Amino acid sequence: MITDTFLRRPSGADEIAADALRVLGVLSVVAGGIGWGFVEVAVFALTLLGMLVPRFLGVRPGFDIAIGGTLLVAAWSGVFELYTSIDWLDVVIHFAANGVLAGLIFVVAARVGIVADVAPGTRSAIRSAVLTTAFGLSAGVLWEMGEWAGHTYIDSAIYVGYDDTIGDLAVGGMGSLLAGLCIRWLAAESRWPAPATEGIEHGASRQKRSAGSLGG
């Protein structure tokens, strides 16, 4: 069950590091409420939600760490308004965040059966890369719409503009494409529990082969 994956105790330094980042995510929500306000709390809450998903999915620890680290840096950079003081930071964050989220969305879609999981072969690799890129571009569009809504209804200090939006989408698309090209690695070493039917089907197929050999 999905809760088995989420509640599983970490084993190894990399899994402990991934969970340590989640603890920082929880502390960030608390810090946002103490030192800032509702907007910051909401940002950190969304960040924490994104960091919890890999725990449920049981993704490989390296990918888990990349997701948690990227989302935390992105959130705190916004709180400290680093995007306005460091020109290149916005580009880097959009590239990295779109990439890891695109990969994560693909893994979610594969786990629930919306898309086929990564399989050996060139055709599967191309299909997975295209789907991951599409997921990332879609997520980027939703993010830009969220920025517009935040600028319009919450805080006019949130910067939006045509050039900024198109640039963010382009950079995010490139990050998603890179994630798509690496999706076989990102989706590997999953701790997601195999459905019980797999073992039943496997046993049935073995029985059929045995019966066939006896009837030979």
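Draft legend 1. Examining the overall build of the protein more closely. Helices and strands together make up the secondary structure of the protein, namely ten helices and zero strands. The order of helices and strands in the protein, counted from the N terminus, is α-α-α-α-α-α-α-α-α-α. In the protein, which comprises 216 residues, the proportion classed as buried is 34%. In the protein, of all internal contacts separated by at least 6 residues, the share reaching a separation of at least 24 is 73%. In the form shown here, the protein has an accessible surface area of approximately 12500 Å², with 70% of it arising from carbon and sulfur atoms.

Draft legend 2. Broad picture of the packing of helix α6 (residues 89-111) against helix α8 (residues 162-181). In the contact formed by α6 and α8, the axes pass within 7 Å of each other and the chain directions differ by 45°. Between α6 and α8, the interaxial angle falls into the category oblique. For the pair α6 and α8, the crossing hand works out as right-handed. Residues D90, V91, H94, F95, N98, G99, A102 and G103 of α6 lie in contact with α8, whose contacting residues are D164, D168, V171, G172, M174, G175, S176, L178 and A179. Residue classes in the contact of α6 with α8 are distributed as seven nonpolar, seven polar and three charged.

Draft legend 3. Region of interest: unusual backbone geometry. Even without glycine at this site, E81 takes up a positive phi of about 55°. Assignment of secondary structure puts E81 in the loop between α4 (61-79) and α5 (82-85). Overall, E81 belongs to the exposed group, its relative accessible area being 55%.

Draft legend 4. Molecular detail of the layout of surface pockets. Estimated volume of the largest pocket: approximately 1800 Å³. V43, A74, Y83, W143 and E147 are the residues nearest the centre of the largest pocket, which is lined by 45 residues in total. Listed by contribution, the elements that provide at least two residues to the lining of the largest pocket are α3 (38-57), α4, α5, α6, α7 (122-154) and α8. Ranked by residues supplied to the lining of the largest pocket, first place goes to α7 with eleven residues. Each residue belonging to the lining of the largest pocket can be placed in one class, and the counts come to 27 nonpolar, ten polar and eight charged.

Reading the values: rules and limits
Residues numbered from 1 in each chain as written. Predicted model: local features only at pLDDT ≥ 70, side-chain atom pairs only at ≥ 80, totals over all residues. Heavy atoms only, no water. Helix = DSSP H or I, 4+ residues; strand = E, 2+ residues; numbered from the N terminus. Buried < 20%, exposed > 50% of the residue type's maximum accessible area, 1.4 Å probe, protein only. Contact = heavy atoms within 4.5 Å. Areas by Shrake-Rupley, 256 points an atom, 1.4 Å probe, with all protein chains shown as cover. Axes fitted to C-alpha atoms, helices over the stretch in contact; angles between N-to-C directions. Parallel < 35°, antiparallel > 145°, perpendicular 65-115°, else oblique. Left-handed = near helix turned anticlockwise from the far one by under 90°. Nonpolar A, V, L, I, M, F, W, Y, C, P; charged D, E, K, R; others polar. 1 Å grid on protein atoms, 1.4 Å probe; cavity = no way out; pocket = protein on both sides within 12 Å on 5 of 7 lines; lining within 4 Å. Points joined across faces, edges and corners; volume = space filled by probe spheres on them.

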